[in-house]
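Here is how the chains run, residue by residue.
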Amino acid sequence: MSRLGFASIQRFIECPFSTSRHCVRSEATWHRKVQRRKPILRRTVSSRFSQKHDFGLIFNPIYQLPAMTQNTNTNPWGKAFREARTVLLPVIVVAIGFNLFSATGVPWVRTMPQGPAISNDELFGGDTTAAPANTLPPTIAESPHDTATANDSAAAIAALEQQRVEDSLKAARKAAADSIQKAKAAEAQVKEAENVQKGTVKEITTDQAKMLFDRKKGFWIDARPADLYAKGHIPRAINIFPEELRKHINDLPASDLNTLIVVYCNGGLCELSHELANSLVAMGFTRVVVYTGGEAEWSERGYPLVTK
Amino acid sequence: MSNLISANSPLLPEESAPANTPLLQTLSLAARLLVGFVMLVAGAGKLGAIEQFGHNIYNYQLLPLSLVNIAALLFIWAEITIGILLIVGAAVRGSALISGVLLLLFIAAVLWAMSQGLEIDCGCFGNANGEGGVKVGWPKVLENLGLLAASMFLIYFPRSYFSLDQVIHQHWES
């Protein structure tokens with residue numbers, strides 16, 4: 001067995017995996033130390049015994065282990081940290097460069113995605129305005145009867161006739177304007193429907209959601225998984241997980257496709273509600289809104305939740 | 001033999017110590033390739049869907065929304081770079097250290113998600129095709145612990161066959 005062997009064993013005993021200054025000295029220092037300390041052992045065992053039997057082949061790999069881990073006389077962690085620092089710099093440069101010049105770059109600061117909002121008029125329009133249309137035709141129809149009773153002279157008839165012509169002209173103009181307006185509205189509706197089908201379902205705020213809830217309006221759907229629904233959901237909401245929509249088709253208000261449907265999930269970046277809302281729109285429901293605040297904002301405000 | 005390894009031999013300070021045994025070199029090579037390929041596949045898989053990966057990070061509820069994109073970019077590019085470096089065998093110790101730190105972060109995040117009862121996709125290998133990825137759970141923790149062990153091994157025994165480090169080292173020696 002070589003003298004180096006003893007040095008290594010000594011080193012292994014004194015500091016097996018330590019990286020302190022005392023331990024990371026070179027092999028030669030340890031060797032000298034062993035020589036100083038145990039001259040008898042070194043002389044007797046190391047020279048006589050090992051001259052006959054060379055155990056180096058067996059023991060070298062074992063007693064060199066601690067030394068191997070400390071690449072000669074440097075600390076492996078120190079070297080690792082230095083190398084890591086060198087590697088991290090290009091990583092940061094590449095990340096920045098990629099994001100600047102790539103087509104799939106993302107914004108540096110991410111913000112909450114905002115869908116199109118819905119106005120209160122549009123949301124609550126159904127109950128506040130009670131059909132203000134069709135007020136014009138009856139008055140036009142009534143006016144000739146009222147005025148036609150008192151007619152003696154031709155002048156009066158002529159005047160009446162002129163009035164009637166003017167009225168009919170007005171009515172015709174009005175009708176024309178109305179029809180144009182209606183056509184425009186219909187066009188806008190078609191466009192809106194197209195937009196909706198492309199996935200831009202309108203979103204409501206927590207205040208709007210609470211107003212709907214208080215007025216007992218809307219058909220509420222919780223789009224989260226069943227266990228989260230069971231832990232707490234908005235009262236009157238039913239649970240439909242987007243992937244299980246087929247199972248729940250009978251629960252939907254299919255008799256009236258114009259029913260206002262409010263879909264929500266956890267809030268934040270949860271996309272289950274949008275996913276479900278888009279499926280519902282594709283099924284033909286026309287008034288689907290997403291409550292983006294979701295369960296998180298609802299419970300934050302202390303609004304009622306029920307557990308199942 | 002005593003001549004060969006005398007105190008003033010040039011072999012002593014430099015060459016006696018590093019891991020040169022074939023077994024250790026083979027193990028080191030295996031660890032290098034394992035960690036390298038896993039990192040490269042994980043990073044490249046997420047490169048096409050950075051937005052989605054940011055979303056996955058946000059789901060852990062550990063980072064504010066404004067920071068998740070930057071974190072996603074750094075994670076992805078760190079994984080890709082480490083993967084390539086480990087496979088070719090360059091700066092093995094540094095790469096192994098970074099991968100170890102990343103894996104520690106991943107393990108901590110998965111454990112945190114599990115402790116909070118979050119049933120979220122781990123986002124480990126990206127799910128660009130829109131299908132559900134792997135959920136967080138004990139298998140993920142064990143997988144990451146295995147990779148962490150391999151990384152630690154590489155920090156102590158960076159020498160292996162077919163590595164760029166060795167080529168450069170030999171070039172300098174000659």
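Computed from a predicted model, the values in this text were never measured in an experiment.

Trainee: How should the overall build of chain A be read in this particular structure?
Mentor: Within chain A, the secondary structure is distributed over 13 helices and five strands. Considering only intrachain contacts with a sequence separation of at least 6, the fraction spanning at least 24 residues in chain A is 73%.

Trainee: Teacher, can you tell me more about the sheet that holds strand β2 (residues 219–222) of chain A here?
Mentor: Whether parallel or antiparallel, the strands of a sheet pair through hydrogen bonds between backbone atoms. All names here are of chain A. Taken together, the five strands give an open sheet; going across it, the order is β1-β5-β4-β2-β3, and neighbouring strands pair in parallel fashion. At either margin of the open sheet sits one strand with a lone partner, and together these are β1 (202–204) and β3 (238–239). Relative to strand β4 (residues 260–264), β2 runs parallel, the two being bridged by four bridges. Opposite Trp 220, over in β4, you have Val 262 as the bridge partner. Packed onto the sheet, helix α12 (residues 272–283) meets β2, β4 and β5 (287–291) and runs at close to 180° relative to β5.

Trainee: Please explain helix α4 (residues 68–88) of chain B as it appears in this structure.
Mentor: Working note: α-helix, 3.6 residues per turn, so residues spaced by three or four point in the same direction. Residue and element names in this part refer to chain B. With 21 residues, α4 extends 30 Å from end C-alpha to end C-alpha; this agrees with the ideal 30 Å at 1.5 Å per step. Here α4 lies mainly inside the structure; 15 of its 21 residues are buried. Directly beyond the C-terminal end of α4, a positive phi value near 80° is found at Gly 89.

Trainee: I keep staring at the nonpolar core and nothing clicks. Help me out?
Mentor: Within soluble globular proteins, side chains that are nonpolar generally end up buried alongside one another. Judged by nonpolar contacts, the single largest core of 46 residues is most densely connected at Val35(B), Ala72(B), Ile76(B), Trp77(B), Ala78(B), Ile98(B) and Leu154(B). Sorting the residues of this core by element identifies α6 (76–101) of chain A together with α2 (22–47), α3 (50–59), α4, α5 (92–115) and α6 (138–156) of chain B as the ones contributing at least two each. The biggest single contributor to this core is α4(B), with eleven residues. Not counting the four nearest positions on each side in its chain, Val35(B) is found in contact with Leu86(B), Ser99(B), Leu147(B), Ala150(B), Ser151(B) and Leu154(B). In terms of nonpolar packing, the next biggest core, distinct from the first, is built from 29 residues, Phe213(A), Ala237(A), Tyr264(A) and Trp298(A) among them.

What counts and what doesn't
Each chain has its residues counted from 1, following the order in which its sequence is written. A letter from A marks each chain and a number from 1 marks each ligand, given out in the order of writing. Local features in this predicted model are restricted to residues of pLDDT 70 or higher, and side-chain atom pairs are both shown and tallied only at a pLDDT of 80 or more, whereas totals for entire chains, interfaces and linings draw on every residue. Secondary structure elements are taken from DSSP: a helix is a run of H or I of four residues or more, a strand is a run of E of two residues or more, and numbering for both begins at the N terminus. Note on contacts: each residue gets a C-beta atom placed from the backbone, and two residues are in contact if those atoms are within 7 Å. What makes two strands pair is DSSP finding at least two bridges between them. Between N-to-C directions, angles cover 0 to 180 degrees, with each direction set by a line fitted to C-alpha atoms, over the stretch in contact for helices. What a helix should span is 1.5 Å times the count of its residues minus one. Exposure in this text rests on C-beta crowding, where 20 or more other C-beta atoms within 10 Å of a residue's own make it buried, 12 or fewer make it exposed, and counts in between make it partly exposed. The C-beta atoms are placed from the backbone. By convention the nonpolar core is taken to be a set of buried residues drawn from Ala, Val, Leu, Ile, Met, Phe, Trp, Tyr and Cys and joined through C-beta atoms within 7 Å.

Function cannot be read off these values alone, since they describe shape.
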